[in-house]
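Each chain, letter by letter, is given below.
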Amino acid sequence: MSSFEEAFYALALTGTDLSALDGVTLALDARRAACGLQKLPDGVIPLEMNERPETLELARTVAVKRGSEFKFHMVFRAGVGLMMLSSKLEEQTLACGCVAHEAAHVEHEGLLYRKFPGLYGRKLDCGDRSRQTFIKALDVWSEYAACRSSAEFRPEAIQDFDKAFCQALTSGRAASQKWIEYYRESGKAYDSFREIQQVFGDVFISAGYLLGHLHGIELCGIDEAPATRQVVQNDPPLGKLLTKLERVLHKLWLSEFAWESLEVFAPVYDLLCELMALHGMAFARDGEEWRIVMSDDL
């Protein structure tokens, strides 16, 4: 673990705030170990249920309760420790970028918790909004901020994030069609509503990764990501939506220390709803129930 201690010391010298760090765990299956530490209450839907590209599954940072407060625990795949000691520069860079990314999560999540302590450990009050989609909006910011803060440690990761966004979009569109058919055949709106939110939420989270990394290496606009540029050239409405998201996330970045309420994330939520509407579906609340509204051309 000495290599991790040295990395954290170096990050602290660069100004990274690790005061909210709970600890570090190395595990063969980082995803499973992180879920085990988090111990989500019954009925709470974990973020990013879908599998991610391997380079994005090297580590996770989760909130854990310690006494009366929450801290943030990093869980790394065991191989990350070996890569930090590798003689291959590429592996060292990947490991250092991974550690820097998770350290950035600790910093930004720690700040969010200090500003809004009620965000963790209880049911989030979202008013008339969908709680699941609002939580996704929070996670879009989380990945944007972590990527923007850590991009300089591995600039070439733009290739991973570019590819990941395109894959998430393709799989999300396919999965949404499956759940639309399920709704038409079964009439079960809740299941379809939950899953469609999940897949398009993951698309937006992937966009958060990509946009955060672009801004972190001082590039502006999705045109700087070759694969994504090709996608939006063939889908101008999507391109306009991503440009809006980029502006909203940049504004959040500039105002992070001045947030007064969770309403600052409402624009991300609205854009996520717009993404679903762009694909021909929307959701309306009828009392305590949600119903699916689809365009006639689906």
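To be clear, the structure that these remarks concern was listed above.
Residues numbered from 1 in each chain as written. Predicted model: local features only at pLDDT ≥ 70, side-chain atom pairs only at ≥ 80, totals over all residues. Heavy atoms only, no water.

### A few points about the overall build of the protein
Then, in step 1: Within the protein, the secondary structure is distributed over 10 helices and 5 strands.
Then, in step 2: With 298 residues in all, the protein has 50% of them scored as buried.
Then, in step 3: Residue pairs in contact within the protein that sit at least 24 positions apart in sequence constitute 73% of those at least 6 positions apart.
Then, in step 4: Summed over all atoms, the accessible surface of the protein reaches about 14800 Å², with 52% contributed by carbon and sulfur. (Helix = DSSP H or I, 4+ residues; strand = E, 2+ residues; numbered from the N terminus. Buried < 20%, exposed > 50% of the residue type's maximum accessible area, 1.4 Å probe, protein only. Contact = heavy atoms within 4.5 Å. Areas by Shrake-Rupley, 256 points an atom, 1.4 Å probe, with all protein chains shown as cover.)

### Quick word on the packing of aromatic side chains
Then, in step 1: In total, this model carries 9 aromatic pairs according to the counting rule given.
Then, in step 2: Seen in terms of ring centroids, Trp-141 and Tyr-144 are 5.9 Å apart; in terms of plane orientation they differ by 35 degrees. Their pairing is tilted. Of this pair, Trp-141 and Tyr-144 both sit in helix α5 (residues 131–150), 3 residues apart, which is roughly one turn of the helix. Here Trp-141 and Tyr-144 have matching classes, each one buried.
Then, in step 3: A relative accessible area of 2% places Trp-141 in the buried class.
Then, in step 4: Among the aromatic residues, those joined into a ring-pair cluster are Trp-141, Tyr-144, Trp-253, Trp-259 and Phe-265. (Phe/Tyr/Trp six-rings, centres within 6.5 Å; stacked < 30°, edge-to-face > 60°.)

### Side note on the pattern of salt bridges
Then, in step 1: The tally for this structure, following the rule as stated, stands at 7 salt bridges.
Then, in step 2: Of the charged contacts in the structure, one is a salt bridge between Arg-129 and Glu-263, with a shortest N-O distance of 2.8 Å. Of this pair, Arg-129 sits in the loop between α4 (89–115) and α5 while Glu-263 sits in the loop between α9 (236–254) and α10 (266–278), and the two are 134 residues apart along the sequence. (Salt bridge = Lys/Arg side-chain N within 4 Å of Asp/Glu carboxyl O.)

### Description of the packing of α4 against α5
To characterise two packed helices, one gives the angle between the axes of the helices and the distance between these axes.
Then, in step 1: It is at 8 Å that the axes of α4 and α5 come closest, and there the two elements cross at 125 degrees. Put simply, α4 runs oblique to α5. Crossing hand, α4 versus α5: right-handed. Where α4 abuts α5, its residues Ala-100, His-101, Ala-104, His-105, His-108 and Glu-109 lie against Trp-141, Ser-142, Glu-143, Ala-145, Ala-146, Cys-147, Ser-149 and Ser-150.
Then, in step 2: Here the residues of the contact of α4 with α5 sort into 6 nonpolar, 6 polar and 2 charged. (Axes fitted to C-alpha atoms, helices over the stretch in contact; angles between N-to-C directions. Parallel < 35°, antiparallel > 145°, perpendicular 65-115°, else oblique. Left-handed = near helix turned anticlockwise from the far one by under 90°. Nonpolar A, V, L, I, M, F, W, Y, C, P; charged D, E, K, R; others polar.)

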